[in-house]
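Structural features, examined
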Amino acid sequence: MSDTIDTIHGERPVHRADPNSVLKTLWRYNKAYLGRYLTGSAMAIGFISATLMIPLVIEWVVDNLETGAMTRLGLWAAFGALLGIAAVSGFLRYIQRTLIIGASRHFEYDLRNDYFHHIMRLSQSFFHRTPTGDIMARATNDLNFVRMLLGPGVMGLVNIVQVPATLGLMIYYSPQLTLVTLIPLPFVCIMVYGFVMYNHYQSKRVQEQFSVLSTRAQENLSGARVVQAYGIADRESAVFESESRKYMRESLKLAIAQALMWPFIGIVVGTLLVIIIWQGGGMVIAGTLSIAAFSAFLICLVMLAWPIAEFGWVLTLFQRGIVGMNRINEFLAVAPDIRDSDRTRRDIAMIQGEIRFDAVSFAYGDQKVLHDIDFEIRAGQTIAFVGPTGCGKSTVLSLIMREFDPAAGRVLLDGVDAREVPVRTLRDAMGYVPQDTFLFSDTVWHNLTFGRAEATQADVDFACEVAQFAETVTELPQVYETLLGERGINLSGGQKQRLAIARAVVRDPRILILDDSLSAVDTHTEEEILTRLKAVAENRTTLIVSHRVSAVRHADAIFVMEDGRIVERGTHMELVAEGGEYARMYERQLLEEQLEETP
Amino acid sequence: MSAEYHDADEVQIASYDRTLMRRLMRYVRPYRLWFAMAVLCLLAASVLSNAVPYLTMRTIDGPIKGADREEIRVQLAEAAPDAVPDLEMALAAQIAVDRSELYGWMIILGFLLFGEMTMRFIQLIIVSFIGQTTMMEMRIEIFSHLQKMSLRYLDSHPVGRLMTRVTTDVEKIQQSIVTGMVQVASDLFSIIIILAYMLYINWSLALVCLIPVPFILLVSIVFRKYARDSYLEIRKKIARVNANMQENVSGVRVVQIFDRGKRNLEVYEKLNADHRDEWLRQVRNFAVYFPVVDFLSTFAIALIIWYGGRQIVGDSVPYTDASFGMLLAYVQYAERLFQPVKAIADRYNLLLEAMASSERIFQLLDTPEDIQNPPEPVRPEVVEGRIEFREITFGYDPKRPVLTDFNLAIQPGEKVAVVGHTGAGKTTLTALLSRFYDVQQGGVYIDDIDVRQWDKDYLRRNIGTVLQDVFLFSGTIEQNIRLGDDSMSPEWVRACAEYVNAAKFIERLPGKYDFNVGERGVNLSTGQRQLLAFARTLAHKPRILVLDEATSSVDTETEHLIQDAIQKLMEGRTSIVVAHRLSTIQNADRIVVMHHGHIAEVGSHRELLALGGLYHTLYQLQYQDQD
C-alpha cells in the first residue's frame, strides 16, 4: 500500500518536529496535572525518609541487644516503629502511584482525543500519502510509549532520589565501606552495557529471522494456489523447516546470552556481598566499626539494589517516550489544507447547486489526472460522467466536494470559487454516495442518519423508500436497530449501496453525487431508484458516475472522459448519433444484455 | 472494520484442561531426561542459594561478633596497666583467629555462589533448548498441516488468523508451558528448602515468620483476580477505541463530506473515557496491592526483630539461643519466601492463557485435509495428456452447481480455448483439473485415470498452471522461476526465460536474475509478471498447460511478447486456455463456448463465427476490437 503512495507522491510531507516541540507538547498537555506530579513527588520525600528509618531502627535494636540494654518495652517500640514506618510509606506510595500514574492516564486520554480530532480534520491528500497502519501505529504504540514516560518513567525518576539518600546514610555509617561498595560499579556497568549491546544485536537478528519465517508462512498461505498448482507443498514445508531451525538457533543464542547474564549479575552481586562482609567484618573485628552499624549497612545495601536496577529501565522509558512523542508531533504538525481562511465569505449560508469548472487541472504528485477541464452545470440538472477506469471521473467529484483544491483553474459553486465558500456550507449541500460503500459498525438507524442526526422517522422512511431499501429494513432482525458489521450482520453489496443512497437522501442535499454507486444492483432496480430520485427533488443537481449506459441515458447531459479530458458531451441520443466512444460503449452494453438474456 | 483490532475481543478465559495438558506433554516427552536434569540443577541451585543467609549468619555470629575477642576488649578497657601487654597480645591473637575464620567462611560463600550460578546457567540453557525445539516442532507441524489444506479451507479462513496460530499462539505455549512449568517447580523447591532451613535454624522463629504468609497469599490471589478482570475489560475497551479510530480513518471521506467530525469525536471520546476509567480502576488495584505487600514484608521483619529480640534478651520460652546473625538471616529468608508466594496466582493465569492458545492450535491440527491423497496413489511414468471431463456436476456451494452434467474430452497435444461470459464456469473447469476441488458427481480423467486416484502433487506437477494474477514470492527472479527446485541448472532457468521473452526485461533489472522481487518501491509491471509466470511454468516442463489469461491491458510491445510466448508455451502440450486474446483463440484447435455451466457451442473460429450464435456476440463484445 505504502509503495504505491510513495510512487504517486514523490516527495515526503514537509513536517519536521523540532526536539523542543516534544517538551512543549508534554508541557502543554501536562500543566493541568502539574499538581498531581508535584504532590506525587512530594510523597517520595516522605516515604524515602520513612524507609531510611528502617536501618536506623535496626541499628538501635542491635546496639541495645549488644550492650544488653534492650528491654521488653524497647522491642515492642521497635516492632511498633517498623510497622508504623511501613504503614506510612505504604500509604504515601499508594497516593503517589494513584496521582502520577493516574495523571499519565488522563494525559493519554487528552492526547488521544486531540490526535483523533486532528487526524479527522486533515484533508484527503494526507490520507492519500499516509497508510492507515501508520496513523494507527502512532495512536497505539507511540502514544503508549509517551504515556509510559509520564507514568512509570516520571515515578521512577522521582524515586531515584532514594539512591543518593541511601548512599548518604551508608557514608554516615562507614565512608570506607561505602567506597568498597562503589568500586565494582563501573566494571559492572561496562559488563552490563556489553551484555545489553549483544542482547540488542542478537534480538534484532532473532526478530529478522522471525519476520523471514512469518513472511514465508504468510506467502505460502496467500499464494496457496501457486504452491498447490506446482505440487510443491512438501518442498515448501522443507524450506519452512530449515528457516524454523535457523530461527531456533538464533533464539537459542539469545537465550544463552540471557542465561549467562542472570548468573553473571548474580555472581557480581554475590561477590559484592562477599567483599563487604569480608571488609566490613574485618573492620568489626579490628574494632573500627560497631556490629550494629555493620548490620544497618547491610540493610542499606539491599535498599540500594532495586532503584539502581530500575534506573536502566527508566532511561529506556524516556528514550522511547521521546521518540514516540516526536512521531505523534509529526502528524499533529500537519495543517489541514482544506479549511476556512481569510478568503472565506462567511455570508454564504446556502448553495443552490450550480457548478462550473473553469480550466481546472489537477495532479496527484507528479501524475496529472485532469487537464484543463471546462464545464457548466445548472442547478437542478442531472449530469453523468462516463469513461474508462482512471480517466478522472472520481477526481472531478472530489474537486466539487472540495476534498482537494485544483492545481490550476477554479471550481465555482453558484459562481463563487469553492475556496471562498465556508467548508461547512459546502459540505452541507452535498449528498455523497461513494463507490466503495463505507458503513460504520453501528445500527442501521445511525448509519442512515449519519449525515443528519436530527432526521425524523418520516424522513428516514421516505429516504429508504426512494432508495428501495425500505423492504430490506423491514426484513432485518431488529429493523432499524439492527447492528451492522463485525459484531452485527453483513448486508449484501446491493443492500449496502441502497443504504448508502438512502443515507445521502436523508440529508436532502442540494447536490447529490452518485459515484458508480449502483454497480451492485440490477439494472431494473437501478432505473427505478434513479426515477424516484429525480421525482423527489426536481431542482436538485445530480451527478452520476457510472459504467452502465442504463444509469446515464436519461441524464440531461453526458460527459465522456478519457485521460483527464472531456472528449464528448451531449445527451444520450446525440452521443449515440455521433458514433464516438459513447456509441461504442452503448453497443457493447446491448451485446452484454443480449448475452445475459440467452438461456 | 479491521480484524486486527477486534481480535482482542476474542480473549478467552480457558479452564485447566487435563486432556489438553496431556496432549501438550507429548511434545515435551522426548526431552524428559533433559527435563529431569534441568529440575535437578534447579534443586541444587535452590539448596546452594538458600545456604547464603545461613552462611552469613554463621559468619556474623562467629568471627564478626567474636564473643571471645570482645570479651578481651572489655577486659582490656578495665585492665590494670601491667595486664595490658598480655591482653593486647591475646587480643591480637584472637583477631588473627577471627580473621582467618572470616576468610574461611567467605571462601566457602564464594564457592557456593559460583556453584549456584553454574547450576542456574545449565538449567536455563536446557530449558531454552527444550522450549525452542518443541516450539519449532509444533510450528513445523502446523505449517505442514496448513500446506495440505484445500483451497476451500484457506479461502474461508483469513490469513491473519492462521498466522496467529503459527506465531503468537506457539510462542505463548512455549512461554508458559515449558518456562512456566520449570518456574512452578522452582517456586515449589524454593518454598520447601527455605522452610527447611528456617525450621532447622530456629523453629519457633520460623513459625512466627510464617504469620504473614497466608495474608500475602490471600492478598495476591484477590489482587490477581481483580487485576485480571480489569485487564480483560481494558483489552476489550482499547480494542473498541482502536477499532473506532481505524473505522473513522478508513471512512474519513464519508465522515468529512457528511460533516460528522464533531459527533464522531464525541463517540470516540466516550469510548476513550471508558478505557481511561477502567485503567484508573486498575491503577488503584496496583496502588493498593504493592504497598500492602510491602507492608506485609516489613511486618515480617518487625516480627523477626520483636520475637527474635525477645529470644536474645531471654524473655521467650521455646528457644533462647537466638543471635543478630540469625535475625539478619531470617529477614533474608522471609523476603525469599514471599517471592514465590506472590507469584503463584500469576503463574496459574499464564497457564490458562497457554491453554486457550493450545486449544486453538489443536483445533487447527485436528481439521482433516479435505482433499486427500488416495491410499495407493498412481504416478504414471509417461503422461500423455488426454483429458476428459465426464458427467461432471460441481458447485462451490453444492446447492448451487456451477457446472452441471458437463462433458468434454481433449486429445493429447490438442489446444482448446475456453470462452464465455463472466461466471460461465471457465476458471472452475481448470481448478477441477488440478483437483483443487473434488467434483460432486462424475469424474475428471487424465489419461483415463480419475484425478482422485493420482498422486496429488505428481498430478499438479504435470499440469503447468498460469493464473490470472501472478503471485510472486519474495526472493530473486531466479528463485521465483525455480520455486525451490534445486535440480534445475541456472542455464535452464535462463533458457526458459529467454524462450518466453522474459529474458529481455530481466536482463535490464539491477542484479538481473538475482533481482529481489519483493523489495520496496520497485515493482514489476503486470506484463512483466506475466512473462515471469510463463518462464516459471515452462521451467517445470509440464505435460498439460492450463492458462487463465489476464484481462488487464498491457502496452503493445509487451502484448506482442506475451502473444508470442503463449504460442510457444502451448506447443506440443495439451492446453486449456481461458482465452481473452483473439490471437490465442485463432491459434486454438478447438474453441469451447461455455454458457451458464454447460457447453453452448464448439468449433473453430471460422465455423463459430459463421454460426452467428453466442460466439458471434462474444466476439463482437470482447475480441473484435483486438483485430
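Note that this is a predicted model, so its numbers are computed, not measured. Per-chain numbering applies: the sequence of each chain, read as written, is numbered from 1 onward. Following the order in which they are written, the chains are lettered starting with A and the ligands numbered starting with 1. Local features in this predicted model are restricted to residues whose pLDDT is 70 or higher, and side-chain atom pairs enter the listing and the counts only when it is 80 or higher, whereas totals over whole chains, interfaces and linings include all residues. With hydrogens and water excluded, all non-hydrogen atoms of the structure serve as input to the side-chain values.

Secondary structure elements are defined from DSSP: runs of H or I of at least 4 residues count as helices, runs of E of at least 2 residues count as strands, and each element is numbered from the N terminus. When helices and strands are tallied, chain A shows 22 helices and ten strands. Buried positions account for 54% of the 599 residues belonging to chain A. Whether two residues are in contact is decided by their heavy atoms, any of which lying within 4.5 Å being enough. Of the contacts formed within chain A by residues at least 6 apart in sequence, a portion of 76% connects residues at least 24 apart. Within this scheme the basic residues Lys and Arg register as positive and the acidic residues Asp and Glu register as negative, but His and the chain ends are omitted. All charge positions are set by atom: Lys at NZ, Arg at CZ, Asp at CG, Glu at CD. Counting 55 positive and 67 negative side-chain charges, chain A places the centres of these two groups 8 Å from one another. Exposure categories follow from relative accessible area, calculated using a 1.4 Å probe and restricted to protein chains: below 20% of the type maximum is buried, above 50% is exposed, and the middle band is partly exposed.

Counting from both sides, the interface comprises 134 residues of chain A and, opposite them, 139 residues of chain B. For the pair chain A and chain B, the summed buried surface comes to about 12700 Å²; carbon and sulfur atoms form 70% of the total. Salt bridges are defined by distance alone: a side-chain nitrogen of Lys or Arg within 4 Å of a carboxyl oxygen of Asp or Glu. Here chain A is connected to chain B by zero salt bridges. Polar contacts here mean pairs of N or O atoms no more than 3.5 Å apart (in protein, one a potential hydrogen donor and the other a potential acceptor; neighbouring residues in sequence count only if both atoms are side-chain atoms). The tally of links between chain A and chain B comes to 14 residue pairs in polar contact (both at pLDDT 80 or more). Here the side of chain A that touches chain B takes 31 residues from helix H11 (residues 233-286) of chain A, the largest share from any one element. Summed over both partners, the accessible surface that disappears when two parts come together, traced with a 1.4 Å probe, is what is meant by buried area.

Another aspect to go through is the sheet that holds strand E3 (residues 415-420) of chain B. Residue and element names in this part refer to chain B. Read from one edge of the open sheet, six strands run E6-E7-E8-E3-E9-E10, paired in mixed fashion. Each edge of the open sheet carries a strand with a single partner, namely strand E6 (463-466) and strand E10 (598-603). Here the strands of the sheet are splayed against their neighbours by 20° on average, with no regard to which way each runs. When E3 meets strand E9 (residues 590-595), the two strands line up parallel, connected through five bridges. Bridged to Val418 within E9 is Val592. On top of the sheet, helix H19 (residues 526-539) reaches E6 and strand E7 (544-548); it is set at about 175° to E6, its chief contact. Comment: axis = line fitted to C-alpha atoms, over the contacting stretch for helices; angle = value between 0 and 180 degrees taken between N-to-C directions. Where helix H20 (residues 556-570) meets the sheet, its contacts fall on E3, E7 and strand E8 (574-578), and the angle it forms with E7 comes to roughly 150°. Being paired, for any two strands, means DSSP has found at least two bridges between them.

Parts of the prediction with low pLDDT should not have their coordinates interpreted in detail. Residues and elements named next belong to chain B. Along the chain, pLDDT gives the predictor's confidence residue by residue, from 0 to 100. For chain B, per-residue confidence averages 83 on the pLDDT scale, and 94% of positions sit at 70 or higher. Averaged pLDDT values for the elements of chain B fall to 42 in helix H1 (residues 3-6) and rise to 90 in helix H3 (residues 32-49). Low pLDDT, under 50, characterises residues 1-13; the predicted model gives this stretch 30 contacts beyond four residues in sequence or across chains. Two numbers describe this predicted complex: its pTM, 0.77, and its ipTM, 0.81.

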